[in-house]
Amino acid sequence: AVVSTQSTGKHHNTTKRDKKITVYAMESHSPIITKTIQFVKDELANQDGSHDFHHIHRVWATARSLAKSEGVEDIEIVELAALLHDIQDWKYSGSETAGVEAARSWLHSQGYDPLKTEKIAEIIEGVSFKNELARKITSPSRELAVVQDADRLDAIGAIGIARTFTYGGAKKRPLYDPEHPYTEEISKEQYMDQTRPNPTVNHFYEKLFKLKDMMKTESGRHLAEERHKFMEMFLDQFYAEWDGKK
């Protein structure tokens with residue numbers, strides 16, 4: 001039987017959590033962070049739920065936490081890279097360079113330090129899974145490591161599952177199709193090919209299950225363990241339901 005969330009008191013707890021999130025969003029930040037938050041909100045206003053500002057907010061919060069755990073000194077660079085990492089994303093813009101160019105343009109328009117701007121651009125260029133497939137980044141900076149881990153943590157676990165199917169739905173992909181198996185050793189070119197038959201479940205094998213072992217920080221690896229196990233349990237249940245066994 002389905003239990004009402006109101007009867008268990010969960011609705012009340014959720015209300016408290018909503019207030020907590022609102023308060024967090026109103027915390028005092030440096031002017032550039034505050035302006036960038038609004039800029040990114042505007043940029044992603046019409047984005048689907050897999051890559052909207054809620055995704056950015058989670059990555060931003062996780063990156064801040066990881067940066068502190070990993071002893072990163074310049075937290076502002078981490079914050080700005082986390083906030084700007086998905087604007088003009090190639091999956092929507094069709095351009096590999098549009099995102100980093102938009103980030104540079106925004107920071108230049110705000111008179112931000114040119115050297116720090118380039119560090120942020122390097123993080124944004126290096127954070128993506130597709131560029132790691134191409135072996136473009138061999139020894140990431142600590143700043144890149146924490147932003148990349150934060151982004152990848154949001155790609156796995158319960159939220160990662162929700163985001164995966166949200167994106168698949170936005171792209172009108174089937175949930176699963178046994179006639180189109182996944183590609184185990186996928187290249188960057190294959191990964192970026194938006195025309196190949198690509199049921200949503202394939203994404204778990206082509207990317208998501210690989211992320212646990214690709215984490216760069218100790219804190220990220222620890223958090224990834226439980227999220228990885230949750231995805232495995234989810235797919236076990238998915239296949240059982242697909243085959244009518246549960």
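These lines cover the structure that appears in this document, whether it is placed above or below. (Residues numbered from 1 in each chain as written. Predicted model: local features only at pLDDT ≥ 70, side-chain atom pairs only at ≥ 80, totals over all residues. Heavy atoms only, no water.)

**Structural notes on the overall build of the chain**
Right, on to step 1. Regarding its fold elements, the chain presents 13 helices and zero strands.
Right, on to step 2. Per-residue burial for the chain yields a buried fraction of 43% across its 246 residues.
Right, on to step 3. Long-range contacts, defined here as pairs at least 24 residues apart, represent 71% of the contacts in the chain between residues at least 6 apart.
Right, on to step 4. A total of about 13,600 Å² of accessible surface is found on the chain, and carbon and sulfur atoms cover 51% of it. (Helix = DSSP H or I, 4+ residues; strand = E, 2+ residues; numbered from the N terminus. Buried < 20%, exposed > 50% of the residue type's maximum accessible area, 1.4 Å probe, protein only. Contact = heavy atoms within 4.5 Å. Areas by Shrake-Rupley, 256 points an atom, 1.4 Å probe, with all protein chains shown as cover.)

**Considering the packing of helix α3 (residues 53–69) against helix α9 (residues 142–153)**
Right, on to step 1. Contact pair α3 / α9: the axes reach a minimum separation of 8 Å and the direction vectors enclose 135 degrees. One finds that α3 runs oblique with respect to α9. For the pair α3 and α9, the sense of crossing is right-handed. Touching His55, Val59, Thr62, Ala63, Leu66 and Ala67 of α3 are Val146, Val147, Asp149, Ala150, Asp151 and Leu153, all from α9. (Axes fitted to C-alpha atoms, helices over the stretch in contact; angles between N-to-C directions. Parallel < 35°, antiparallel > 145°, perpendicular 65-115°, else oblique. Left-handed = near helix turned anticlockwise from the far one by under 90°.)

**Quick notes on the pattern of salt bridges**
Right, on to step 1. Taken as a whole and judged by the stated rule, the model has 12 salt bridges.
Right, on to step 2. A salt bridge links Glu132 to Lys216, with the nearest nitrogen and oxygen atoms 3.0 Å apart. Residue Glu132 is found in helix α8 (residues 129–133), and its partner Lys216 is found in the loop between α12 (202–206) and α13 (218–242); the two are separated by 84 residues along the sequence.
Right, on to step 3. Between Lys212 and Asp213 there is a salt bridge, with the nearest N and O atoms lying 3.1 Å from each other.
Right, on to step 4. A residue is classified by how much of its surface remains accessible, and Lys212, at 17% relative accessible area, is buried.
Right, on to step 5. Residue classification places Asp213 among the exposed residues on the basis of a relative accessible area of 63%.
Right, on to step 6. One network of salt bridges, in which partners are shared, links Arg58, Asp154 and Arg163. (Salt bridge = Lys/Arg side-chain N within 4 Å of Asp/Glu carboxyl O.)

**Some remarks on unusual backbone geometry**
Right, on to step 1. One non-glycine residue, Gln88, lies in positive phi territory at about 55 degrees.
Right, on to step 2. Along the chain, Gln88 turns up in the loop between α4 (75–84) and α5 (90–93).
Right, on to step 3. Of note, Lys172 is a non-glycine position whose phi angle comes to about 60 degrees, a positive value.
Right, on to step 4. Here Lys172 shows up in the loop between α10 (157–170) and α11 (188–192).

**Observations concerning the packing of aromatic side chains**
Right, on to step 1. In this structure the tally under the stated criterion is 17 aromatic pairs.
Right, on to step 2. Taking the centre distance of 5.9 Å and the plane angle of 65 degrees together, the rings of Phe165 and Phe234 count as edge-to-face. In this pair, Phe165 is assigned in helix α10 and Phe234 in helix α13, connecting sequence segments 69 residues apart.
Right, on to step 3. Phe234 gets classed as partly exposed once you look at its relative accessible area, which sits at 26%.
Right, on to step 4. Considering the side-chain rings of Tyr176 and Tyr239, the 5.4 Å spacing of their centres and the 65 degrees angle between planes classify their relative orientation as edge-to-face. Separated by 63 residues along the polypeptide, Tyr176 in the loop between α10 and α11 and Tyr239 in helix α13 bring together distant segments of the chain.
Right, on to step 5. Taking the relative accessible area as the measure of exposure, Tyr176 reaches 21% and is therefore partly exposed.
Right, on to step 6. What makes Tyr239 partly exposed here is its relative accessible area of 23%.
Right, on to step 7. In textbook terms, an aromatic cluster arises when at least three aromatic residues are bridged by ring pairs, as seen for Phe165, Tyr176, Tyr182, Phe204, Tyr205, Phe209, Phe234, Phe238, Tyr239 and Trp242. (Phe/Tyr/Trp six-rings, centres within 6.5 Å; stacked < 30°, edge-to-face > 60°.)

**So, α4**
Right, on to step 1. With nine of 10 residues buried, α4 lies mostly within the body of the structure.
Right, on to step 2. The set of residues buried in α4 consists of Ile75, Ile77, Val78, Glu79, Leu80, Ala81, Ala82, Leu83 and Leu84.
Right, on to step 3. Lining the buried residues of α4 we find α2 (31–43), α3, α6 (98–109), α7 (114–126) and α9.

**Some words on the nonpolar core**
Right, on to step 1. In terms of nonpolar packing, the biggest core is built from 58 residues, with Val40 and Leu84 touching the most fellow members.
Right, on to step 2. Looking at this core, the elements that each hand over two or more residues are α2, α3, α4, α6, α7, α8, α9 and α13.
Right, on to step 3. The element contributing the most residues to this core is α4, with eight residues.
Right, on to step 4. Those residues in contact with Leu84, other than ones at most four positions away along the chain, are Thr36, Phe39, Val40, Ala103, Trp106, Leu107 and Ile124. (Core = buried A, V, L, I, M, F, W, Y, C linked by side-chain atoms within 4.5 Å.)

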